[in-house]
Amino acid sequence: MKKSKGLFWLKVFAYVLGFPVLMAYTVYQSMFVIYDSNVGTDNTTYMPYVFAGLLVMVVIWLLYLLVALITGMITKRRKTARSAYIGTTVLVIASVILTTGVWFALDKYLPPILSSATSNTIHYSDLEEDYADRAYLHSEMLHDFIEMNIANARLDPAKAETYRSEGYQNEDVQKLIKESFQSIDNDAYRNWPGPLINLADGSRLTIPVLIHLLFDERAAPSKPFTNYVGEGRGEENKDAPIKWAILDMQQDVMSLDLNLNDLLGDLTGIVMFVSEGYFTEDYTGTIPIDDIMASLATALADENVLGAPIYIDMKLINAETGVIQIKLVPNSETRGVFDYKRMAWFDSNYLIVAIISIFPLRNAFYIFGVFVAISSLAIGIIRKSQYVGKGRSLKGAFSGSKGIPIPAQSTASGYGTTSYRPQVVDDSPYMRSYYASIDDYNSRNSQ
Amino acid sequence: MGNNLNAIKAKLVLWRVLKIAAYAIGFPLLLYLLKKDITNVGVSKNGYNVIYYGFLGVIALQIIVGIFLRRREFYVRALIVVIVASAVVLAPTLYMEFTVKSEFEKLEEEYAERGYSFARYETQVMDFSSRLSSHNSASGTFSNTYNLNGDTGSKKGNNFDNTPTTSDLVSNIYLDGFATMQHYVFGAEEAGGVYSMNGLYADAFVVGVKQARYILEVYHETRAKFAADNLDADAELEKELEKLDEAGSLWKQYQNTAEYKRAYGDAPVLDAPATDESQKIKVGDNYYDPYWMYAPHYYLTADELTAVVDTLLANLLENKRVNDLLKALLAAGDQLGLDAGTIGAISDALENKNLSLENILDIVNSSGLLNPKDENGKPMLDEDGNPIVVTIGINDIMEVIGTLSYYQSPTTYPKMFFIQNKELRTYAYAKYFGTKHGAVLGTVLIGDSVGKVTMDSSGNPPMSYDEITALFNRLDIENEYMPKYYPWLAIRRTLIKYTGFVPLGLILAYLFAFFERKQFSKLTVAGKGGYR
């Protein structure tokens, strides 16, 4: 009685050492993701998706418990060495499948889902180790998006605090993200003819390609860009579709240095002297080139060629050599959007956060999955001691599917006339003692 | 049963393990090392085949020898198998020494005639690995200089107007040709690639080593050929193109076809994108929206340019600060080399706010700014003693812009298709791909700056044609012999080190098998079994 109680507690200990320890570690790792995806908002902005990883883990654990329960019950009822060994094997295999195996499968099937959700901009390999940073980036993006759109009044400034605290849970915020992405996706990314946008993205952005991107005919924008009154739009057309420039796809300011000496030669000195005061050392109060670009856009608006303004800013880098830095500034910030890539992530917010939340499991399951296998093995051994008891050895346990063959030497010594013992009689007390005598004989014989 | 059964079983297992281990250090390990060596050498298919067939051959040989010798005594069997195995291991080395070596001597002479110094067998046996890496980096040099896409170019290449492309040369999507002219596909046999319906490379097709080589060969060799007759290929090409501008030429006739007008007419067939299928037209096998097939949609036209510049100028004059800057610059006009008349004309335009592109061109033309001057600043005179007058028009500006912004419709033939002189036509195509096509995709092949000429890279200095021919002569020759012989050299290197292990492994394997059998015989009831 005392011994069986000891075994019981030993088994409980083995159970605890397996999945629960792994789970505790995973929960600890997941906390980073949950915390990082929630920075700046008062509640869990990505509820319940940020808990997807933990949910997956609980499901896996329940499956494991189910397998443990079934194998345990079979061993307990049959009380045979054979059932104990098969049960142990099944449990160990299940533990490996449910830890390492699951991740092998996820490693195979998740990458395409992730790629298609993010238009090939986040790759699975980016997340493998860097998931917590990615979660943080996401919360930061959400924060920036809300601030940009409060500033340009696409989100009602009066409700600023509500947006900030509710984050992605807020319907207005969700709707605005969806619509902004649809606009930049349909009316920018998919709007350039043929393979041009891919050429711009790669290492082959040539001047001809840039000219194509600026001036080629494009289909008129068709997705509403709601609640935006900048760029001369009034109340009556504040929801109208909007045109995007190629620079908006990148969001970053493009800057290039222009050397007047190269362009003007000896005349540089005169130009610099005459234009003193027009070029300043900072970006404020510079020559109003943005007006020029706005008029360039106006000029082309009729032809539907270049509809989106690009702002240009200038800064004098070196007065003596006449080097001017020209900055090309996209519309993104004033319109309250990110570049295309980040808008694509943003549009798949829930899915990406859910996928990110699964990643803390990955390394834990790969590395510590072996502990679950070991604890499963320990549980199997304890079960055998508990339910099958002493004197039931492994001998011949796995030799046949229906029964256990009698060892050759037994036959030679005249014991038994049939090669197989029927398995069902395991439960008969009479047969049990009969087979025990054979086992005793075998063990005596081989000593 | 006096024997300890478990001890016998343990010994049985021990001999069995030793037998397998001994066998493994023979052929299997050798083949593994050979495969590894050949992988390192990087000579692909041929090398692997040697290993795979070698592996299968060895297994087959072992089975056959085993069947023949099944009734022989154990040690006889072992001896014969070891002899056969040694022969198999030695054979490639012997083959190399007696056959390949003499082939190398022949090749040395043959390649010397082709201007390639082919090293002796003894040298290459030692340094073939470094020769191979040198070969690979040489081939990379060409590719990097011209920013090419692999050996055969990009697999896909779409058109900006989304009309179909193909790499299948018997495809039925090609245009039918015009009048009596046969359809022409540039470099179809020599280089291949992804083509548009008009036989040009598709808009986004980035050429590979094969195409770049062919383009450069055509370009340089045609030039050299004309130069030998004291002619300039470019000038001759210009003459051919001028002929096409004459009334009644095939090109002029072609410009009157519906096919051409659909792409380059005064206006697109449709004013706006097609809204239903019936508006689309059949090209090749499929239906396309003629609105999107209109070529001027894909480049800056003279009208668009004028509109842009005029609005820009109008806006400049509206803005007081810009206006002030221009006036300040104008005040220093004489220092900038402007004469009084020009300064007056610009001042008037600024005052009346009617500065347009046309206006500016007029001012520039009437100022005589572009007229050539001699060293003393005096106007240069022509043969009749009159000053040379140079003027500029919108077409001149469009020509400059045209190198950066142009579009050749993939569903119409280019002008150069109609060039009658076949040699010059091929030359024109090569030049087009080396310059204009390459400039769009960052694979400029012809010019002072080649390869990756993009927004953030100014390209590379070109390789001279002599360098290119020498490089390809070398690569061609090396591609002939390296895949053929280098796997053998790699095999030889490993075999020489390893020959002894194969018979040793086999002898041990037989020995351990003998011991195993002996133990096994103790297990059987009648004590029978074991090797005879």
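Here the structure is a predicted model, which is why all the values come from computation and not from measurement. Along each chain, residues carry numbers from 1 onward, in the same order as the chain's sequence is written. Naming scheme: in the order in which they are written, chains are lettered from A and ligands are numbered from 1. Owing to the predicted nature of the model, reporting of local features is limited to residues with pLDDT of at least 70; listing and counting of side-chain atom pairs is limited to 80 or more, with chain, interface and lining totals taken over all residues. Only hydrogens and water are removed before side-chain values are computed, so all heavy atoms of the structure are retained for them.

Digging into the overall build of chain B
Stage number 1. A helix here means a DSSP run of H or I that spans at least four residues, while a strand means a run of E at least two residues long, and both kinds are numbered starting from the N terminus. When its secondary structure is counted, chain B shows 17 helices and six strands.
Stage number 2. Buried positions account for 42% of the 532 residues belonging to chain B. Any residue under 20% of the maximum accessible area for its type is buried, any over 50% is exposed, and the rest in between are partly exposed; the area is computed with a 1.4 Å probe on protein chains only.

Focus: the side chain of Asn159(B)
Stage number 1. With respect to the element layout, Asn159(B) can be found in the loop between helix H5 (121-145) and strand E1 (165-166).
Stage number 2. Here Ser196(B) takes part through its side chain, which lies 3.0 Å from a polar atom of the side chain of Asn159(B).
Stage number 3. Polar contact criterion, stated in full: a pair of N or O atoms within 3.5 Å, where within protein one must be able to donate a hydrogen and the other to accept it, and residues adjacent in sequence count only if both atoms are side-chain atoms. At 2.9 Å, the side chain of Asn159(B) and the backbone nitrogen of Asp203(B) are in polar contact.
Stage number 4. What makes two residues a contact is simply this: any of their non-hydrogen atoms within 4.5 Å. Sequence-distant contacts of Asn159(B), that is, excluding residues within four places in its chain, are made with Gly194(A), Pro195(A), Pro164(B), Thr165(B), Ser196(B), Ala202(B), Asp203(B), Tyr407(B) and Pro410(B).

Some points on the pairing of strand E5 (residues 450-454) of chain B
Residue and element names in this part refer to chain B.
Stage number 1. Relative to strand E6 (residues 457-460), E5 is paired through three bridges, and the arrangement is antiparallel. Bridge pairing in E6 links Val453 to Ser458.
Stage number 2. A pair of strands is treated as paired once DSSP finds two or more bridges between them. The loop that links E5 with its antiparallel partner E6 comprises two residues.

Digging into the nonpolar core
Stage number 1. Within this scheme, the nonpolar core is defined by two criteria: the residues are buried Ala, Val, Leu, Ile, Met, Phe, Trp, Tyr or Cys, and they are joined through side-chain atoms within 4.5 Å. Formed by 166 residues in total, the largest nonpolar core has its most connected members in Ile246(A), Phe365(A), Phe142(B), Tyr146(B), Phe186(B), Tyr201(B) and Phe418(B).
Stage number 2. For this core, the leading source of residues is helix H15 (residues 349-388) of chain A, giving 13 residues.
Stage number 3. Those residues in contact with Phe365(A) that sit more than four places away from it in its chain are Phe19(A), Leu22(A), Thr26(A), Met57(A), Ile60(A), Leu98(A), Thr99(A), Thr100(A) and Trp103(A).
Stage number 4. In this structure, Val82(B), Ala85(B), Tyr116(B) and Val125(B) belong to the second largest nonpolar core, which totals 35 residues.

Considerations on the packing of helix H2 (residues 19-36) of chain A against helix H5 (residues 124-151) of chain A
Residue and element names in this part refer to chain A.
Stage number 1. Where H2 contacts H5, the axes come no closer than 7 Å and their chain directions differ by 15 degrees. Between H2 and H5, the interaxial angle falls into the category roughly parallel. Remark: the crossing between H2 and H5 carries right-handed chirality. Contacts from Gln29, Phe32, Val33 and Asp36 of H2 reach H5 at Tyr131, Ala132, Ala135, Tyr136 and Ser139.
Stage number 2. Asp, Glu, Lys and Arg are counted as charged, while Ala, Val, Leu, Ile, Met, Phe, Trp, Tyr, Cys and Pro are counted as nonpolar; the rest, among them Gly, fall into the polar class. Within the contact of H2 with H5, the residues separate by chemical class into six nonpolar, two polar and one charged. Angular values range over 0 to 180 degrees, each being the angle between N-to-C directions of two axes fitted as lines to C-alpha atoms, with helices fitted over their stretch in contact. For classification purposes, angles smaller than 35 degrees are called roughly parallel, those larger than 145 roughly antiparallel, those between 65 and 115 roughly perpendicular, and all remaining angles oblique. Rotating anticlockwise by less than a right angle from the far helix to the near helix defines a left-handed crossing, while the corresponding clockwise rotation defines a right-handed one.

A closer look at the packing of aromatic side chains
Stage number 1. Working definition: a ring pair exists when centres of Phe, Tyr or Trp rings (six-membered ring for Trp) sit within 6.5 Å. Plane angles under 30 degrees give stacked, over 60 give edge-to-face, the rest tilted. Applying the stated criterion to the full structure yields 61 aromatic pairs over all chains.
Stage number 2. Centre to centre, the rings of Tyr25(A) and Phe368(A) are 5.2 Å apart; their planes meet at 75 degrees, and the pair counts as edge-to-face. Of this pair, Tyr25(A) sits in helix H2 while Phe368(A) is found in helix H15, placing the two residues 343 residues apart along the sequence.
Stage number 3. Taking the relative accessible area as the measure of exposure, Tyr25(A) reaches 35% and is therefore partly exposed.
Stage number 4. Overall, the relative accessible area of 28% leaves Phe368(A) in the partly exposed class.
Stage number 5. Between Phe142(B) and Tyr146(B), the ring centres sit 5.1 Å apart and the planes meet at 55 degrees, which makes this aromatic pair tilted. Residues Phe142(B) and Tyr146(B) agree in their burial class; the two are buried.
Stage number 6. An aromatic cluster of three or more residues is present, and its members are Tyr184(B), Phe186(B), Tyr195(B), Tyr201(B), Phe205(B), Tyr214(B), Tyr406(B), Tyr429(B), Tyr432(B) and Phe433(B).

Thoughts on unusual backbone geometry
Glycine aside, negative phi is the norm for most residues, and most peptide bonds take the trans geometry.
Stage number 1. For Lys79(A), which is not glycine, the phi dihedral falls at a positive 55 degrees.
Stage number 2. With respect to the element layout, Lys79(A) can be found in the loop between helix H3 (52-78) and helix H4 (81-117).
Stage number 3. On the accessibility criterion, Lys79(A) (44% relative accessible area) is partly exposed.
Stage number 4. A positive phi angle, close to 55 degrees, is found at Asn147(B), a residue other than glycine.
Stage number 5. Among the secondary structure elements, Asn147(B) is positioned in the loop between H5 and E1.

Thoughts on H3(A)
Residue and element names in this part refer to chain A.
Stage number 1. By this rule, a helix spans an expected 1.5 Å times one less than how many residues it contains. Along its 27 residues, H3 runs 39 Å from first to last C-alpha, staying within 8% of the 39 Å computed at 1.5 Å per residue.
Stage number 2. Among the residues of H3, Ala52, Gly53, Leu54, Met57, Ile60, Tyr64, Ala68, Thr71, Gly72 and Thr75 are the ones counted as buried.
Stage number 3. With its phi angle positive at about 55 degrees, Lys79 sits one or two positions after the end of H3.

A closer look at helix H7 (residues 171-189) of chain A
All names here are of chain A.
Stage number 1. The first and last C-alpha atoms of H7 sit 26 Å apart over 19 residues, in line with the 27 Å expected at 1.5 Å per residue.
Stage number 2. Taken together, the buried positions of H7 are Val173, Leu176, Ile177, Glu179, Ser180, Phe181, Ser183, Ile184, Asp185, Asp187 and Ala188.
Stage number 3. Looking at the buried positions of H7, the neighbouring elements they touch are H5, helix H6 (160-166), helix H14 (340-347) and H15.

Overview of empty space enclosed by the protein
Empty pockets left among the atoms are what a rolling probe the size of a water molecule brings to light.
Residues and elements named next belong to chain B.
Stage number 1. A cavity, in this analysis, means grid points on a 1 Å lattice covering only the protein atoms where a 1.4 Å probe fits yet has no way out; a pocket is instead an open set bounded by protein on both sides within 12 Å along at least five of seven lines, and a residue lines either one if it has an atom within 4 Å of a point. Grid points are joined across faces, edges and corners, and a volume is the space filled by probe spheres set on the points. Throughout the structure, instances matching the rule amount to four cavities of 30 Å³ or more.
Stage number 2. What the largest cavity holds in volume is close to 160 Å³.
Stage number 3. In this structure, the largest cavity is lined by 15 residues; those nearest its centre are Asp203, Tyr406, Tyr407, Tyr432 and His437.
Stage number 4. By residue number, the principal contributor to the lining of the largest cavity is helix H15 (residues 422-441), which donates four residues.
Stage number 5. Around the second largest cavity sit Phe27, Val58, Leu61, Gln62, Val65, Val81, Val84, Ala85, Val88 and Leu506, which together line it.
Stage number 6. Secondary-structure elements contributing two or more residues to the lining of the second largest cavity are helix H3 (45-68) and helix H4 (74-113).
Stage number 7. Per-class residue counts for the lining of the second largest cavity are nine nonpolar, one polar and no charged.

Notes on the environment of Ala513(B)
All names here are of chain B.
Stage number 1. Mapping Ala513 onto the fold places it in helix H17 (residues 501-523).
Stage number 2. The buried category is assigned to Ala513, whose relative accessible area is 9%.
Stage number 3. For Ala513 and Lys19, which are 494 residues apart along the polypeptide, the C-alpha to C-alpha distance reads 5.8 Å.

Remarks on a nonpolar patch on the surface
All names here are of chain A.
Stage number 1. A patch consists of residues whose relative accessible area exceeds 30% and which take part in no salt bridge; residues with like charges are grouped when within 9 Å of each other, and nonpolar side chains (Val, Leu, Ile, Met, Phe, Trp, Tyr) when within 5 Å. In short, Shrake-Rupley with a 1.4 Å probe defines the accessible areas, and a residue's cover is counted only from the protein chains shown. The working definition used for a salt bridge is a side-chain nitrogen of Lys or Arg within 4 Å of a carboxyl oxygen of Asp or Glu. Taken together, the side chains of Leu55, Val59, Leu63, Leu66, Leu69, Ile70, Met73 and Ile74 present a nonpolar region at the surface, about 770 Å² in accessible area.
Stage number 2. Note on placement: Leu63 falls in helix H3.
Stage number 3. The class of Leu63 is partly exposed, set by a relative accessible area of 42%.

With respect to the confidence of the model for chain A
Residues and elements named next belong to chain A.
Stage number 1. For chain A, the mean per-residue pLDDT works out to 75, and 68% of the residues sit at or above 70.
Stage number 2. Model confidence for chain A, summarised as mean pLDDT per element, is weakest for helix H16 (residues 408-412) at 43 and strongest for H7 at 91.
Stage number 3. Note on residues 293-306: pLDDT is under 50 here. Beyond four places in sequence and across chains, it has 31 contacts.
Stage number 4. Within the model, the stretch residues 391-426 combines pLDDT values under 50 with 48 contacts to residues more than four positions away or in other chains. pLDDT measures how confident the predictor is about each residue, on a scale from 0 to 100.

What to know about the environment of Gly434(B)
Stage number 1. Checked against the element boundaries, Gly434(B) lands in helix H15.
Stage number 2. Once you skip the residues sitting within four places of it in the chain, Gly434(B) turns out to touch Ile215(B), Val444(B), Leu445(B) and Ile446(B).

Some words on the packing of H5(A) against H7(A)
Residue and element names in this part refer to chain A.
Stage number 1. For the pair H5 and H7, the least separation of the axes is 11 Å and the interaxial angle reads 90 degrees. Taken together, H5 and H7 sit at an angle that is classed as roughly perpendicular. Packed against H5, whose contacting residues are Leu142, Phe145, Ile146 and Asn149, the element H7 presents Val173, Leu176, Ile177 and Ser180 at the interface.
Stage number 2. Residues that form the contact of H5 with H7 fall into these classes: six nonpolar, two polar and no charged.

Digging into the confidence of the model for chain B
Residue and element names in this part refer to chain B.
Stage number 1. Looking at chain B as a whole, its pLDDT mean stands at 84, while 93% of the residues score no less than 70.
Stage number 2. Here helix H11 (residues 320-331) is the element of chain B with the lowest mean pLDDT, 70, and helix H6 (residues 209-228) is the one with the highest, 96.
Stage number 3. Predicted confidence for residues 526-532 stays below pLDDT 50, and this span has 12 contacts to residues more than four positions away or in other chains.

Notes on the pattern of salt bridges
Side-chain pairs of opposite charge can arise whenever the charged atoms involved come near each other.
Stage number 1. A full pass over the atoms with the stated rule returns 27 salt bridges over all chains.
Stage number 2. For Asp339(A), the salt bridge is made with Arg342(A), and the minimal N-O distance between the two is 2.9 Å.
Stage number 3. Residues joined in a network through salt bridges with shared partners are Arg223(B), Asp232(B), Asp234(B) and Lys431(B).

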